[in-house]
Amino acid sequence: MIEAPNLQISQKARIRRRPPVLSTEVEGVVVMMDMENGLYFGLDEIGTDIWQRLEAPMTVGELVAGLSQSYAADNNIIERDVLALLLNMAKHGLVDID
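Notes on the structure in this doc start here. (Residues numbered from 1 in each chain as written. Predicted model: local features only at pLDDT ≥ 70, side-chain atom pairs only at ≥ 80, totals over all residues. Heavy atoms only, no water.)

## Considering the overall build of the protein
Alright, step 1. Helices and strands together make up the secondary structure of the protein, namely 3 helices and 8 strands.
Alright, step 2. Its helices and strands in sequence order give the protein the pattern β-β-β-β-β-β-α-β-α-α-β, from N to C terminus.
Alright, step 3. Here the protein has a C-alpha radius of gyration of 13 Å; the compact-globule value for 98 residues is 13 Å, and the two agree.
Alright, step 4. When its C-alpha atoms are laid out on the principal axes, the protein stretches across 35 × 30 × 20 Å.
Alright, step 5. Taking all 98 residues of the protein together, 36% fall into the buried category.
Alright, step 6. Intrachain contacts of the protein at a sequence separation of at least 6 include 53% that bridge at least 24 residues.
Alright, step 7. Only carbon and sulfur atoms are counted for the fraction: they give 51% of the accessible area of the protein, which is about 6000 Å².
Alright, step 8. Computed over 8 positive and 15 negative side-chain charges, the separation of the two mean positions in the protein equals 6 Å. (Helix = DSSP H or I, 4+ residues; strand = E, 2+ residues; numbered from the N terminus. Rg over C-alpha atoms; globule rule 2.2 N^0.38 Å. Buried < 20%, exposed > 50% of the residue type's maximum accessible area, 1.4 Å probe, protein only. Contact = heavy atoms within 4.5 Å. Areas by Shrake-Rupley, 256 points an atom, 1.4 Å probe, with all protein chains shown as cover. Lys, Arg positive; Asp, Glu negative; His and termini not counted. Charge placed at Lys NZ, Arg CZ, Asp CG, Glu CD.)

Listed below in structure tokens is the structure:
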């Protein structure tokens, strides 16, 4: 179970991109626009990697496991940072977490 203030997300929670969000890669990073709200967002290199992995819906556990194989960092740190990014994305309507 991953915990954040007032929220718990299990490793089995599914994440998916929200359809009204358009994205494109510019110089190695993703720039997104929420068409419903007219908001722009930019991701750094690792955020871009996460966004690309979410092209198909997956669980939090699958995402963290894939990132752990790609990056030389403590699994707990990866999990914490991924959760923070996902919660921020969900807050801004870029992804759904079930």
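What follows picks up the thread again.
## Side note on the sheet that holds strand β5 (residues 29–34)
Strand pairing in a sheet takes place through backbone hydrogen bonds and is either antiparallel or parallel in direction.
Alright, step 1. Pairing is antiparallel in the open sheet, where 3 strands are placed in the order β4-β5-β6. Among the strands making up the open sheet, the edge pair consists of β4 (21–26) and β6 (39–42). Put simply, the sheet's adjacent strands are angled 20° from each other on average, direction ignored.
Alright, step 2. Where β4 and β5 come together, 6 bridges link them in antiparallel fashion. Paired with V26 across the strands is V29, a residue of β5.
Alright, step 3. On top of the sheet, helix α1 (residues 45–53) reaches β4 and β5; it is set at about 65° to β5, its chief contact. (Pairing = 2+ DSSP bridges. Axes fitted to C-alpha atoms, helices over the stretch in contact; angles between N-to-C directions.)

## Brief notes about the nonpolar core
Alright, step 1. Judged by nonpolar contacts, the single largest core of 23 residues is most densely connected at M32, W51, L54, L63, V82 and L86.
Alright, step 2. Secondary-structure elements contributing two or more residues to this core are β5, α1, α2 (60–70) and α3 (75–91).
Alright, step 3. If one sorts the elements of this core by residue count, α3 sits on top with 5 residues. (Core = buried A, V, L, I, M, F, W, Y, C linked by side-chain atoms within 4.5 Å.)

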